[in-house]
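A look at the structure
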Amino acid sequence: TTNGSPEKAAFGATGLQSNDQPIDQTLTTRQGHPLTHNQNVRTVGSRGPTTLENYPFLEKISHFDRERIPERVVHARGAGAHGVFEAYGTVGDEPVSTYTRAKLFQQKGKETPVFVRFSSVIHGGHSPETLRDPRGFAVKFYTEDGNWDLVGNNLKVFFIRDAMKFPDLVHAFKPDPITNRQDGERIFDFISNTPDAMHMITFLFSPWGIPANYRMMQGSGVNTYKWINEAGEGVLVKYHWEPKQGIKNLTQGEAEQIQAKNFNHATQDLYDAIEAGNFPQWELLVQIMSDDDHPELDFDPLDDTKLWPPDKFPWLPVGVMTLNKNPENYFHEVEQVAFGTGVLVDGLDFSDDKMLQGRTFSYSDTQRYRVGTNYLQLPINAPKKHVATNQRDGQMAYLVDTAPGQNRHVNYEPSSMNGLKEAPKKGAEHTPYVGGNLVRQPIDRLNNFGQAGERYRTFEDWERDDLISNLVSTLAPAKKHIQDKMVELFTQCDEEYGRRVREGLQQVATSDAQKKEQAVQQAEELSHEGQPY
Ligand code: HEM
């Protein structure tokens, strides 16, 4: 067999049979033995003890003991759906082939099946979906050239620009290793020493940090990729998903009200909309820049903490995605799906964005651990096309990736005995020149505060008010030197921004001092009254 998944395992099959076929509902063991006793373990007399040779029980309980795989270390809480991407064939007014030869974009109306997983980042698999957190927006395109994963977030920028810092960033936001509680002091201890994060923090603590649901949020590839055309020429590209349902974010107060009643509201909203035939849609747009370092800009095009100004680099539509089918099994599809930034098709390429390159190692590495060596053989991850490799065996090997007619003795290449052959070259190779000293250095144009200040000023009043109030309440319990450093960083973004956070923190400090004084007075009065019992 090729990797076209066997019918039983395909996610189209529910195991349900049509009405005119007899349904065999017999419960069996995994070995196919009909199971006659599923209520009682086997015991010596009705009061036990139990016997250890009781295979059906051992099989059942030991499989149960293994029902969970490790959670994703980030983005553990998620919801997913199947759908279709339809290409426009153009990018703005030009044929898309001017910039990329990726087949999925070429003809107007061309459809490619997709699976999407939305997520929140920091907390575990059943954490509330109302938390302030970036939201993941990961799309797997099952193209005729194999899979393409666009692993993005709702927000268009990120906290850091160097992959070396990612584990520290995540540790600072995850619960304290002793108290097991997320802690604003730890977060801002890290952020106050990481000014790269100011743009992202400005988004995250505003209502943009709590999208109302998954349907009404944007998506973005965040990192800078490349498009390659038939001639092998590359351009830099950023991806954006715009929801046709509109964008809606929540204030902290609105989120708390929802959370009090429902901590699965975003999963429910997506599932219910699709069940009701109200299929959510997103348009895919790109921004394009020539492939160089653009010294005329005040930021580096490979810096994921920056937006590319749309007046200079317009958003150009390339297609539309519709989500139209809910998963049939959460674990098989949403939990086991594995996205990675390295999963590109011909016509798409990496840029030198350091974050992107670090990410590209991390995803498949974690998935070999989280899901298993052969995670790409699972139906949700397998391409919906011919797969033929000489990769063999390993835990849970399920298929032999051979081509029809191939000599199955030959699991190596090259061979003159009817083994697999290298594919013919597609278009001209993209061969950018790379040269320089090997260093460990940040990029030159950091400009950590400019766009963060711009963001602060372009927010609407209610968004700014919510931003200040969220920052103040999270920073208030932190040590004074951390608060002071954050106020200094906000002030560098925008003078008013810094002033309002400082004033907010002062107000909290004053009212805390008053409360303390009142408490001392009350305690003194009580002590005059003697013991109350
Ligand atoms: C998930 C690493 C930055 C978006 C993950 C996972 C890892 C990871 C290990 C878990 C994957 C799994 O278990 O299947 C990293 C590293 C980064 C980084 C090392 C920086 C160097 C980013 C950025 C974005 C992002 C900038 C946004 C563009 C996502 C999404 C998921 C994810 C959406 C969830 C995918 C899913 O739904 O299965 N990341 N990440 N990550 N990451 Fe990143």
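Residues numbered from 1 in each chain as written. Predicted model: local features only at pLDDT ≥ 70, side-chain atom pairs only at ≥ 80, totals over all residues. Heavy atoms only, no water.

What follows concerns the coordination of the iron atom of the ligand. The protein supplies the iron atom of the ligand with one donor atom, Y363 (OH), which lies at 2.0 Å. Mapping Y363 onto the fold places it in helix α8 (residues 354-370). (Donors = N, O, S within 2.8 Å, 3.2 Å for Na, K, Ca; no water. Helix = DSSP H or I, 4+ residues; strand = E, 2+ residues; numbered from the N terminus.)

Turning to the nonpolar core, a few remarks are in order. A general tendency of soluble globular proteins is for nonpolar side chains to be buried together. Of all hydrophobic cores here, the largest spans 46 residues; its most connected members are F159, F188, I191, I201 and V501. The set of elements that each furnish at least two residues to this core consists of α2 (166-173), α3 (184-191), α4 (198-204), α9 (450-458), α10 (461-475), α11 (480-493) and α12 (495-529). Broken down by element, this core gets its largest block of residues, 6 residues, from α11. With residues up to four places along the chain from it excluded, the contact list for F188 reads I201, F205, L471, T474, L475, I482 and M486. Membership of the second largest hydrophobic core comes to 39 residues, among which are F137, F141, L150 and M217. (Core = buried A, V, L, I, M, F, W, Y, C linked by side-chain atoms within 4.5 Å. Buried < 20%, exposed > 50% of the residue type's maximum accessible area, 1.4 Å probe, protein only. Contact = heavy atoms within 4.5 Å.)

The next subject is the packing of aromatic side chains. Under the counting rule described, the total for this entry stands at 24 aromatic pairs. Consider the rings of F159 and F173, whose centres lie 5.2 Å apart with planes at 55 degrees: the pair is tilted. With a gap of 14 residues between them, F159 in the loop between β6 (146-153) and α2 and F173 in helix α2 connect regions that are remote in the sequence. By relative accessible area, F159 is classed as buried at 5%. Exposure remark for F173: the relative accessible area of 7% places this residue in the buried category. Seen in terms of ring centroids, Y456 and Y497 are 4.5 Å apart; in terms of plane orientation they differ by 10 degrees. Their pairing is stacked. Linking Y456 in helix α9 with Y497 in helix α12, this pair joins segments that are 41 residues apart in sequence. One exposure class covers both Y456 and Y497, and it is buried. For K384, the ring lying beneath its charged end belongs to Y142, and the centroid distance is 4.4 Å. It is R464 that lies over the ring of Y456; its NZ or CZ is 5.6 Å from the centre. (Phe/Tyr/Trp six-rings, centres within 6.5 Å; stacked < 30°, edge-to-face > 60°. Lys NZ or Arg CZ within 6 Å of the ring centre and 35° of its normal.)

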